[in-house]
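# Per-entry structural report
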Amino acid sequence: MGHEELIASLRKEGEEKVRTIRDAAEIEAENIRAETAGKIKRLREEFRKKEARLTKIQEDDVLFSAEKKARIIMLSAEKSLSERLFKLSLTCLHELRRGGYENIFSALVKEIPRAKWEEVRVHSADAGMARRYFPGSVIVSDDDVSGGFEAAMESGRRHIINTFEKRLERAWEEILPFLVIDTYKEASRYGIPSGD
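Summary of the structure given here. Quick caveat, the model's predicted, so the values are computed rather than measured. Numbers given to residues run from 1 along each chain, matching the order in which its sequence is written. Reporting of local features is limited, given that this is a predicted model, to residues whose pLDDT is at least 70; pairs of side-chain atoms are given and counted only at 80 or more, and all residues count toward the totals for whole chains, interfaces and linings. Calculated side-chain values reflect all of the structure's heavy atoms, with hydrogen atoms and water omitted.

Helix numbers and strand numbers start at the N terminus; a helix is a DSSP run of H or I with at least 4 residues, a strand a run of E with at least 2. Tallying secondary structure elements over the protein gives four helices and four strands in all. The helix and strand sequence of the protein, counted from the amino end, reads α-α-β-α-β-β-β-α. Its C-alpha atoms put the protein at 155 × 45 × 25 Å along the principal axes. Sorting the 196 residues of the protein into buried and exposed places 20% on the buried side. With residues, only the protein chains shown are counted as cover, and all accessible areas are computed by Shrake-Rupley using a 1.4 Å probe. As displayed, the protein has an accessible area near 15,300 Å², and 57% of this comes from carbon and sulfur atoms. Charged side chains of the protein number 36 positive and 37 negative; the gap between the two group centres comes to 4 Å. Accessible area is worked out with a 1.4 Å probe on protein chains only. A residue is then buried under 20% of its type maximum, exposed over 50%, and partly exposed in between. When charges are tallied, Lys and Arg are placed among the positive residues and Asp and Glu among the negative ones, while His and the ends of the chain are skipped. The atoms used to mark charge sites are NZ of Lys, CZ of Arg, CG of Asp and CD of Glu.

Okay, here's the thing in structure tokens:
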């Protein structure tokens, strides 16, 4: 083999090696691209899931916070409504003094133990009736008592309050839900003002 043939043979062998290396590099590059594309796809999917999870957590937090605020507002509104209804109810207690009030007063007297009550507080219009039911007691007029009475003995250590106001106060928790329902029904029937 001559010098030129040797160089041509080496060149051919070198070109084949370069081609083999280039083909292997292309295959390796394609594998790396495919692997990278797969990793990117997995990372995007993981990120999308994390983003969805974080978005859901944030949405849940916002909804929970909004529901909590709504409950606070509703409780505050219902408390305010309760207070207003209670005050309104107090102003209506004098209506119970109409027909048959002496029978009501008598029934209230029968609810308490018979005793020598030292002082009895009643509405000024009930002073005469109170003297009949509590003879020997000091009768004190108090127009803040719309009906019924307060009786005390032993210098106030034994004290009974059997007034319309106290009875309303005791029954209020049972009465209130019905009043609130009726109020909401009435409000929805006529619509709620926009506040403009």
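Here the focus is the nonpolar core. Grouped together as the largest cluster of nonpolar side chains are 24 residues, with contacts concentrated most on Phe-105, Trp-117, Val-120, Val-122, Phe-134, Ile-139 and Phe-149. Among the secondary structure elements, those contributing two or more residues to this core are helix H1 (3-92), helix H2 (101-110), strand E1 (119-122), helix H3 (127-133), strand E3 (148-153) and helix H4 (164-190). Looking at this core, the element that brings in the most residues is H4, giving five residues. Aside from chain neighbours lying at most four places away, what touches Phe-149 is Phe-105, Leu-108, Val-109, Ile-112, Val-120, Arg-121, Val-122, Phe-134, Ile-160, Ile-161, Asn-162 and Thr-163. In these notes, a set of buried Ala, Val, Leu, Ile, Met, Phe, Trp, Tyr and Cys residues joined through side-chain atoms within 4.5 Å is what counts as a nonpolar core. What makes two residues a contact is simply this: any of their non-hydrogen atoms within 4.5 Å.

Take the pattern of salt bridges next. The rule for a salt bridge is simple: a side-chain nitrogen of Lys or Arg has to be within 4 Å of a carboxyl oxygen of Asp or Glu. Throughout the structure, instances matching the rule amount to 13 salt bridges. When the shortest N-O distance is used, the salt bridge between Asp-142 and Arg-121 registers 3.8 Å. Of this pair, Asp-142 sits in the loop between strand E2 (138-141) and E3 while Arg-121 sits in strand E1, and the two are 21 residues apart along the sequence. Members of the salt-bridge network, linked through shared partners, are Glu-119, Arg-121 and Asp-142.

A pair of strands is considered paired only if DSSP assigns at least 2 bridges between the two. Of the pairings in the sheet, the one linking E1 to E2 comprises four bridges and is parallel in character. Along E2, the bridge assignment pairs Arg-121 with Val-140. Looking down the strands as they point away from you, a crossover is right-handed if its path from the first strand over the helix to the second goes clockwise. Each parallel crossover has a hand, and for E1 linked through H3 to E2 it is right-handed.

Any two of the Phe, Tyr and Trp rings considered here, Trp counted by its six-membered ring, make a pair once their centres fall within 6.5 Å; the pair's planes then place it as stacked at under 30 degrees, edge-to-face at over 60, or tilted in between. Using the criterion set out here, one finds six aromatic pairs in the structure. For the ring pair Tyr-101 and Phe-164, a centre distance of 5.9 Å and an interplane angle of 85° mean the geometry is edge-to-face. With Tyr-101 in helix H2 and Phe-164 in helix H4, this residue pair connects regions lying 63 residues apart in the sequence. Residues Tyr-101 and Phe-164 agree in their burial class; the two are buried. Grouping aromatic residues by their ring pairs yields a cluster made of Tyr-101, Phe-105, Tyr-133, Phe-134, Phe-149 and Phe-164. A positively charged side chain is recorded as over a ring if its NZ (Lys) or CZ (Arg) lies within 6 Å of the ring centre. The angle to the ring normal must also be within 35 degrees. Above the plane of the ring of Tyr-101 lies Arg-97, whose end atom (NZ or CZ) is 4.5 Å from the centre.

A word on the layout of surface pockets. Each pocket or cavity is described by its volume, and for the largest pocket that value is around 280 Å³. In terms of lining, the largest pocket is formed by 13 residues, of which the most central are Val-109, Arg-114, Ala-115, Tyr-133 and Phe-134. Here the residues of the lining of the largest pocket sort into eight nonpolar, two polar and three charged. Cavities and pockets were defined on a 1 Å grid built over protein atoms only: a cavity is a set of grid points that admits a 1.4 Å probe from which the probe cannot escape, a pocket is an open set flanked by protein on both sides within 12 Å along at least five of seven lines, and lining residues are those with an atom within 4 Å of any such point. Grid points are joined across faces, edges and corners, and a volume is the space filled by probe spheres set on the points. Residue classes follow a fixed rule: Ala, Val, Leu, Ile, Met, Phe, Trp, Tyr, Cys and Pro count as nonpolar, while Asp, Glu, Lys and Arg count as charged, and any other residue, Gly among them, counts as polar.

A few words on H1. Each residue after the first adds 1.5 Å to the expected span of a helix. With 90 residues, H1 should reach 134 Å at 1.5 Å per residue; the first-to-last C-alpha distance of 129 Å fits that figure. Its buried side turned inward, H1 meets H4.

A word on the packing of H1 against H4. Inter-axis angles, ranging from 0 to 180 degrees, are taken between N-to-C directions of lines fitted to C-alpha atoms, where helices are fitted over the stretch in contact. The geometry of H1 relative to H4 is characterised by a closest axis approach of 9 Å and an angle of 125° between their N-to-C directions. In terms of axis orientation, H1 runs oblique to H4. Seen along the crossing, H1 lies across H4 with a hand that is right-handed. Residues Met-74, Glu-78, Leu-81, Ser-82, Leu-85, Phe-86, Ser-89 and Leu-90 of H1 pack against Glu-165, Leu-168, Glu-169, Trp-172, Leu-176, Leu-179, Val-180, Thr-183 and Tyr-184 of H4. The labels follow the angle: roughly parallel below 35 degrees, roughly antiparallel above 145, roughly perpendicular from 65 to 115, and oblique for the rest. Helix crossings are classified by the rotation of the near helix relative to the far one: an anticlockwise turn of less than a right angle makes the crossing left-handed, while a clockwise turn makes it right-handed.

By themselves, these observations are geometric and do not establish any function.
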